[in-house]
Amino acid sequence: AQSVSQHNHHVILSEAASLELGCNYSYGGTVNLFWYVQYPGQHLQLLLKYFSGDPLVKGIKGFEAEFIKSKFSFNLRKPSVQWSDTAEYFCAVMKNTGFQKLVFGTGTRLLVSP
Amino acid sequence: IAGITQAPTSQILAAGRRMTLRCTQDMRHNAMYWYRQDLGLGLRLIHYSNTAGTTGKGEVPDGYSVSRANTDDFPLTLASAVPSQTSVYFCASSPEPGLFNYGYTFGSGTRLTVV
């Protein structure tokens, strides 16, 4: 079965620190990859997505993610976090064939202290 | 503003009661989804609908039912609520099922507490 793993459940950083959140998936075929963000009390919003081409994708608010096919990974990065980045971050995967639904990881809660 | 409207925003429900969570979208999206969000478990798919008139089971369908009588509405019904159904429920949509370069649009969620 397809699964998505986010190993960091809670991350605490100070403002201006660099961020990297891990995401690994288990499906061996062609996949499409997403990062969503959920700010406190809000719904999920798309940060960035990858479906083909350059494996380094840039999203909103200075976030980027790199797809490394050999490692089945799609880690999210930001060079310098801000207090407003405090949120929960979800990695999600959709296969190109078969059950084409978004499958989410368990999420990572990021707290950025001022 | 185009998007997804969920109602109610929150609800406290006695165990054994029936409850329908409403979801309406005005984007004419064909595909709609219901997820539940639980701490430490992320979002899990309950049911989905690829187009009006069709529905399918997701990862955790037991205790829930859905219908899709038209394009815009996708209600989720708990026939007899149990405390384990305490969760935050998100409705989502996409223009077409499996449209991987779009992702999903999410509603604001319904926080349900079953006591």
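Before any of the text, the structure's been laid out above.
This write-up is about the structure you can find in this document. (Residues numbered from 1 in each chain as written. Chains lettered and ligands numbered in written order. Predicted model: local features only at pLDDT ≥ 70, side-chain atom pairs only at ≥ 80, totals over all residues. Heavy atoms only, no water.)

In this section: the pairing of strand β8 (residues 64-68) of chain A. All names here are of chain A. Two elements, strand β7 (residues 56-58) and β8, share 3 bridges in a ladder whose sense is antiparallel. Bridge pairing in β8 links V57 to A65. In this antiparallel pair of consecutive strands, β7 and β8, the connection spans 5 residues, and K61 shows a positive phi of 60°. Across 5 bridges, β8 lies against strand β9 (residues 73-78) in antiparallel orientation. (Pairing = 2+ DSSP bridges. Helix = DSSP H or I, 4+ residues; strand = E, 2+ residues; numbered from the N terminus.)

Turning next to the interface of chain A and chain B. Contact residues are listed per partner, giving 22 residues for chain A and 23 residues for chain B. Taken together, the two surfaces of chain A and chain B that pack against each other cover about 1800 Å², and 63% of this comes from carbon and sulfur. The largest per-residue losses of area from chain A upon contact with chain B belong to H43(A), K101(A) and F104(A), which jointly make up 26% of the total buried on that side. Here chain A and chain B share 0 salt bridges between them. Secondary-structure elements contributing two or more residues to the side of chain A that touches chain B are β5 (31-38), β6 (45-50) and β10 (87-95) of chain A. For the side of chain A that touches chain B, the leading source of residues is β5(A), giving 4 residues. Of the residues belonging to the side of chain A that touches chain B, the class tally is 10 nonpolar, 8 polar and 4 charged. (Contact = heavy atoms within 4.5 Å. Buried area = accessible area lost by both parts, 1.4 Å probe. Salt bridge = Lys/Arg side-chain N within 4 Å of Asp/Glu carboxyl O. Nonpolar A, V, L, I, M, F, W, Y, C, P; charged D, E, K, R; others polar.)

Residues and elements named next belong to chain A. Taken as a whole, this structure holds 2 disulfides over all chains when the rule is applied. In this model C23 forms its disulfide with C91; the gap between the sulfur atoms is 1.9 Å. One quick way to see it: the torsion about the S-S bond of C23 and C91 is about -65°, and its sign makes the bridge left-handed. Of this pair, C23 sits in the loop between β3 (19-21) and β4 (24-25) while C91 sits in strand β10; the two residues are 68 residues apart in sequence, bridging distant segments of the chain. (Disulfide = S-S within 2.5 Å.)

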